[in-house]
Amino acid sequence: MDAIRWEGNTLFLLDQTKLPVEEVWLSYTDYRPVIDAIRTMVVRGAPAIGVTAAYAYCLAALEGADLKEAKAALAASRPTAVNLFWALERMEKQAAACGGNPETLIAEAIAIHQEDVAMCRAMGHHGAAVVPDHARILTHCNAGALATGGYGTALGVIRAAHEQGKVDMVYADETRPLLQGARLTAYELVTDHIPATLIADNMAASLMAKGQIDLVVVGCDRMAANGDFANKIGTYSVAVNAHHHGVPFYVALPCSTIDLSIPDGSGIPIEEREADEVRTLYGVQTAPRTVEVYNPAFDVTPHSLVTGIITEKGVIYPPFRENLQKLFG
Ligand SMILES: CSC[C@@H](O)[C@@H](O)C(=O)COP(=O)(O)O
């Protein structure tokens, strides 16, 4: 399964706002509409946003657009996932080295894309080792093939563990307000024939209390130097619940999601999205039109609630600041 393709100097994105009802591919030859595609979440998930921005940068080069302007506009699309900025920095460095040659830039974007898939597979390999036999795993949001270059981070770990016959059940939180768990994670699991049960977000604690969750694994949008990390809103409650019930809690991420320039989670910028995402469901009004809404897209989970960090280089355990620095500094 994939959600991003580059063919004939054209970027193709699987429209994730339409899944799982319709599989619609959109095509882009201009970088400007890609900004909107990221903002409106046609494409979403930290690594996928980074890969998409790299290809959009190539479109700007092919158009002969001002690359500085294109980079700034792409960077302003969503603030939390650091992969976006990481990929754009890497493209800008390459542009400086090659004088903005489109062919060289396309090769760089393809490398970013392929490396992301390879990192997900490596994470899957390392992460599967922490999954016990007959595991019942809980995940939140979508950190799968759709959220990455392919295969997935948290779902990559689940896929690899499933390939080893270790997974009895995956519980997918539906993930209000935009239902990435229900629409995307459930879709990936069902498509890949991985045993899956969809739950509303408020059901996770009761499953843990009944001893029905052996392990939690989630993705990440940005990790600070001490291991605090931002992920989809609701991840923090899952971590608190897991801690209370003694359930191991893992976060899976590639090096492109680590931001060592931020000392702790308080420095991670958190995107706030439109009120109507909470007041409505699929365009149907579910709350008074004028009610005040609080709609942060992400929350920060403190490293003290994390059992281990699954990366492409291996699994890191506390002390996280020292061990992240050793591996990625
Ligand atoms: C491998 S994806 C990791 C995260 O980006 C994912 O868990 C998440 O929070 C996605 O948020 P989204 O708002 O759907 O882009």
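Residues numbered from 1 in each chain as written. Predicted model: local features only at pLDDT ≥ 70, side-chain atom pairs only at ≥ 80, totals over all residues.

1. Section: helix α2 (residues 46-63)
With 18 residues, α2 should cover 26 Å at 1.5 Å per step; its first-to-last C-alpha distance of 26 Å lies within 8% of that length. Within two residues after α2, Gly-64 carries a phi angle of roughly 75 degrees, on the positive side. (Helix = DSSP H or I, 4+ residues; strand = E, 2+ residues; numbered from the N terminus. Expected span 1.5 Å × (residues − 1).)

2. Topic: the packing of α2 against helix α4 (residues 82-98)
Between α2 and α4, the shortest axis-to-axis distance is 7 Å and the interhelical angle comes to 30 degrees. Our classification of the angle between α2 and α4 gives roughly parallel. In this structure, α2 crosses over α4, and the sense of that crossing is right-handed. Between α2 and α4, the residues in contact are Ala-46, Pro-47, Ile-49, Gly-50, Val-51, Ala-53, Ala-54 and Tyr-57 and Asn-83, Leu-84, Trp-86, Ala-87, Leu-88 and Met-91, respectively. Classifying every residue of the contact of α2 with α4 gives 12 nonpolar, 2 polar and no charged. (Axes fitted to C-alpha atoms, helices over the stretch in contact; angles between N-to-C directions. Parallel < 35°, antiparallel > 145°, perpendicular 65-115°, else oblique. Left-handed = near helix turned anticlockwise from the far one by under 90°. Contact = placed C-beta atoms within 7 Å. Nonpolar A, V, L, I, M, F, W, Y, C, P; charged D, E, K, R; others polar.)

3. Section: the site of the ligand
The immediate surroundings of the ligand are formed by 17 residues, with Arg-44, Ala-46, Ala-147, Gly-219 and Lys-232 found nearest. Contributions of two or more residues to the shell around the ligand are made by α2 and β9 (229-232). Two domains each donate at least three residues to the shell around the ligand, and these are domain 1 (4-120) and domain 2 (127-328). (Near = placed C-beta within 6 Å. Domains from an automatic or database assignment.)

4. Quick word on unusual backbone geometry
Residue Leu-19 is joined to Pro-20 through a cis peptide bond whose omega torsion reads 5 degrees. Of note, the amide linkage connecting Arg-176 to Pro-177 takes the cis form, showing an omega dihedral of 5 degrees. Inspection of the secondary structure puts Pro-177 in the loop between β5 (167-173) and α7 (180-191). For Met-41, which is not glycine, the phi dihedral falls at a positive 70 degrees. Along the chain, the position of Met-41 falls in the loop between α1 (32-39) and α2. The exposure class of Met-41 is partly exposed, given the 18 C-beta atoms found within 10 Å. Of note in this structure, Tyr-151 is not a glycine but carries a positive phi near 80 degrees. Along the chain, Tyr-151 falls in the loop between β4 (135-139) and α6 (154-163). Looking at Tyr-151, the number of C-beta atoms within 10 Å reads 23, which means it is buried. (Buried ≥ 20, exposed ≤ 12 C-beta atoms within 10 Å, placed from the backbone.)

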